[in-house]
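# Commentary on secondary and tertiary structure
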Amino acid sequence: GEQGARVTALCSMIAEGVQAEVNLASMKDQFGKGIIDRLHASGALTTRKVNQRARKALEEGDWGNDIKVKLGATLLKIMLETATDNNGEPAFTHDTPQLNYTQRVGIVKPTPSMLEMLMESEPSEFLRARSLPMLVEPRPWQRWDKGGYLKLRTKMMRTQSARSQTEALKHSPLDRMYEGLNALGKLQWRINNDVLEVAEEAWKRQLTVGDLPAQTNHERPAPLGAADAEDSDKRRDYHFKCKKVDTRNANLHSLRCDTMLKLGIAKQFKDDVIYFPYNVDFRGRAYPIPPNLNHLGSDLCRGVLHFAKKKPLGPTGLYWMKVQLANLYGYDKASFDGRAAFTDEHVEQIYDSARRPLEGDQWWARGENPWQVLAVCQDLVRALESGDPEAYCSSQPVHMDGSCNGLQHYAALGRDAAGGEQVNLSPGEKPGDVYSGVCAIVVAKVAQEAAKTLPEDATEAQIKENLNAKLVDGLIDRKVVKQTVMTSVYGVTFIGARKQIQARLEEKLAETDMDPDDIEGAAYGAGHYVARITMDALTELFTGARDIMEWLAECARLVAKEGQPVSWVTPLGLPVIQPYRAMHKATVKTVMQVIQLVDDCDELSVNAQRQRSAFPPNFVHSLDSTHMLLTAMRMQNLGVDFTAVHDSYWTHPSEVDAMNQALRECFVELYSQPILENLHTTLATRFPNVQFPPVPQRGDLDIKTVLDSPYFFC
């Protein structure tokens, strides 16, 4: 794309390909021509697999990273000197832009004329998906390296080439993990051709509907005049503005390519029943293996996918479809009855959206998830027009989402009654909204600070804080703090929180009369201030979660101090080993540029800081994945279609009640186990000479109240 590809990665990939050809020729000489057929039959005729086999079979199967990048750079240089576009002009350029204050990075990217040629071509001519949906049911997982695709060999876990993790998988009983992944992979899908047709037409008309990106670039600022060009400050400011525009345009180009690829895959499978094989990341979170078009993707991806199987709505399906439409539109804080009423109040707009999606009022396009809203509008209209909605057969998924799911898991671990009430572990007439709770605290603190009259001897820090409060007073809403609250339980740093809030404040300030050139600087300072009080508000509301996070982090610190990575076994028997190692860097001079190679293999020492900071979020992710897979197995036993996007659980409208009961029962089953106590025992057994702190004291939450909480997932 317009941003280009890094020289280091290109050199390595080119050299790996050459090495595979050389290794294949050597193996043919040593083992006969039949080796190619055997590799092909086993799904190992790929660059990586050939080189892996060669390392085992040949004395000189691997060339070493320094030789590879030198060879790759030489061949890449030849390509740059000879590759041309249709006009005979160079097709690619090599540049070394500044990555940060101390580093430059080598980039190879297409020239503007080459990019224009690519954009005018059919996507299938230059965009290739790494892996696609399947037309038959995936092969059941029976072994850590045997399952999913029939021919393309994949592993059950994305191990990031960590040999210790692979060895742990080889020697672990993984039957329950296989069962959960197989249940997800059996689900049949189809392309929603009605939505696809609208999306293709909108793309053809260059409409920016939903997450369809703009197809025209932003214009660079006008060149400086002769007088201004002599001013170094104005030149620096001009360069900075141009760089921002170039970055935005590069991102736009990437989004366009991604959209074209998604639409192309959807069109390719528009008449087929398709399946998604699954595997997990190192924490146990499940993902479809085809990366480009799946239901974990964007709103557009989700809008053009629906279940292949159709089921009658029955007595409750229409109600849940109405709730689903309200949720997708963004009206998701009311009671279920309130959400259904929202849909009833917009029947006229729903009909207009379904019948005239691009020519009408486009009410659907103003929703938070417009393509999914359109899909539900179309299905809802068909149900209402059928004359008998209960008998109408729908294939539209309905989602039930966890309420700040990370905090739900922390509250369950610590039996935190107050925290559990905030995130709907306890019954309530309306859903509790932790984001609004945190927002209310932040708004009050900002207003209090903004109303102050500072004394004459106020410090610079006090003045700065007061000015920031005055700047954002009246601008703070739920959206400003939501991402920080959501990611706080997953280990977001203060810098990360500041960046999240700064981005939202920039959007708010852009709606005021502030000079656009001043917005970024003002939002930076205000973001620092708001992030601090947001983190303080979270500590006030969720002391139980904070205690557990600190306990997990301290345990990780002690393990890393012993020179070992943090590891644990999930309740489903999956071994998890944190892969964070200290990086070894080596510099290699090539014919193109100096290349810095980075190695983080298992032989290197552990990265103690990363092991500590990552353990709390990774541990909770391993538990939320356990809950999801337990629910997948339960739903399969019930004979009910089910899938999930981590903490968003999906089924047919008529099966929502069954899914709600199953996911609550599985949550209670999971947290009826002494999870933290088991972890403490395991760590103490592995490291008998280390004094681990005791498990934080539990509160008095009765975990079974989840069974009666209607908004636990909503």
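Structure shown above.
Attention in this report is confined to the structure presented alongside it. (Residues numbered from 1 in each chain as written. Predicted model: local features only at pLDDT ≥ 70, side-chain atom pairs only at ≥ 80, totals over all residues. Heavy atoms only, no water.)

## Re the overall build of the protein
To keep things clear, this is the line we draw: The helix and strand labels rest on DSSP assignments: H or I over at least four residues marks a helix, E over at least two residues marks a strand, and numbering proceeds from the N terminus. Each radius of gyration is computed over the set of C-alpha atoms, and the globule rule expresses the reference value as 2.2 Å times the number of residues to the power 0.38. The cut-offs for exposure are 20% and 50% of the maximum accessible area for each residue type, with area from a 1.4 Å probe on protein chains only; residues under the lower value are buried, those over the upper are exposed, and the others partly exposed. Note on contacts: a residue pair is in contact if any heavy atoms of the two residues lie within 4.5 Å. Calculation of accessible area relied on Shrake-Rupley with a 1.4 Å probe; when residues are assessed, cover is drawn exclusively from the protein chains displayed. His is not counted here, nor are the chain ends, while Lys and Arg score as positive and Asp and Glu score as negative. Every charge is mapped onto a representative atom, which is NZ of Lys, CZ of Arg, CG of Asp or CD of Glu.
Looking only at helices and strands, one finds 27 helices and 18 strands in the protein. The C-alpha atoms of the protein give a radius of gyration of 28 Å, which matches the 27 Å a tight globule of 714 residues would have. When its C-alpha atoms are laid out on the principal axes, the protein stretches across 75 × 70 × 70 Å. Burial statistics for the protein: of 714 residues in total, 48% are counted as buried. Excluding contacts between residues fewer than 6 apart, the proportion of contacts in the protein whose partners are at least 24 apart in sequence is 72%. Carbon and sulfur atoms make up 50% of the accessible area of the protein, which amounts to about 34,300 Å² in all. Here the protein contributes 82 positively and 93 negatively charged side chains, and the mean placements of these two sets differ by 7 Å.

## Topic: the sheet that holds strand β2 (residues 92-95)
To keep things clear, this is the line we draw: Pairing between strands requires that DSSP locate at least two bridges from one strand to the other. In this analysis, axes come from line fits to C-alpha atoms, helices being fitted only over the stretch in contact, and the angle between any two N-to-C directions falls in the range 0 to 180 degrees.
If you trace the 3 strands from one edge of the open sheet to the other, you get β1-β3-β2, paired in antiparallel fashion. Of all the strands in the sheet, just β1 (5-6) and β2 have a single pairing partner and so form its edges. Of the pairings in the sheet, the one linking β1 to strand β3 (residues 107-110) comprises 2 bridges and is antiparallel in character. Bridging from a neighbouring strand, R6 pairs with I107 of β3. The sheet contacts of helix α4 (residues 65-82) involve β2 and β3, and relative to β2 the element is tilted by about 130°.

## Remarks on the pairing of strand β18 (residues 648-651)
What you see with β18 is no split at all: S648 and W650 on one side and Y649 and T651 on the other are buried throughout. Here strand β12 (residues 398-401) runs beside β18; their pairing, made up of 4 bridges, is antiparallel. Note on β18: the bridge partner recorded for V398 is T651. Pairing between strand β17 (residues 643-645) and β18: 3 bridges, direction antiparallel. What sits directly across from A644, in β18, is Y649. Connecting the antiparallel pair β17 and β18 is a turn made up of 2 residues, with H646 showing a positive phi of about 60°.

## Regarding the packing of helix α13 (residues 314-329) against helix α14 (residues 336-345)
Put simply, the rule is: Any angle that falls under 35 degrees is termed roughly parallel, while one over 145 is termed roughly antiparallel, one within 65 to 115 roughly perpendicular, and all others oblique. Throughout this entry, Asp, Glu, Lys and Arg are counted as charged residues, while Ala, Val, Leu, Ile, Met, Phe, Trp, Tyr, Cys and Pro are counted as nonpolar. The remaining residues, Gly among them, count as polar.
Axis separation between α13 and α14 bottoms out at 8 Å; the angle between their running directions is 85°. Relative to α14, the element α13 is oriented roughly perpendicular. Of α14, the residues touching α13 (which contributes Y319, W320, K322, V323, L325, A326, N327 and Y329) are F336, D337, R339, A340, F342, T343 and D344. Classifying every residue of the contact of α13 with α14 gives 9 nonpolar, 2 polar and 4 charged.

## What to know about the nonpolar core
The test is simple: In this description, a nonpolar core means a group of buried Ala, Val, Leu, Ile, Met, Phe, Trp, Tyr and Cys residues linked to one another through side-chain atoms lying within 4.5 Å.
Counting residues in each nonpolar core, the largest one holds 165 residues, and the members touching the most others are M156, W371 and I476. Of all the elements, helix α25 (residues 608-638) adds the most residues to this core, at 11 residues. Sequence-distant contacts of W371, that is, excluding residues within four places in its chain, are made with V195, V198, A199, A202, V209, G210, D211, L212, D299, L300, G303 and W364. Residues C11, V69, L76 and L80 belong to the second largest nonpolar core, which totals 8 residues.

## Observations regarding the pattern of salt bridges
Rules: In what follows, salt bridge is the name for a side-chain nitrogen of Lys or Arg lying within 4 Å of a carboxyl oxygen of Asp or Glu.
Counted according to the given criterion, the structure contains 35 salt bridges. Between E507 and K479 there is a salt bridge, with the nearest N and O atoms lying 3.9 Å from each other. You can see E507 sitting in helix α22 (residues 494-510) and its partner K479 sitting in helix α21 (residues 478-488), a full 28 residues away along the chain. Here K479 falls in the exposed class, since its relative accessible area comes to 54%. Where E669 meets R634, a salt bridge forms, and the shortest distance between an N and an O atom there is 3.2 Å. Here the residue E669 occupies a position in helix α26 (residues 656-671), and R634 occupies one in helix α25, the gap between them amounting to 35 residues.

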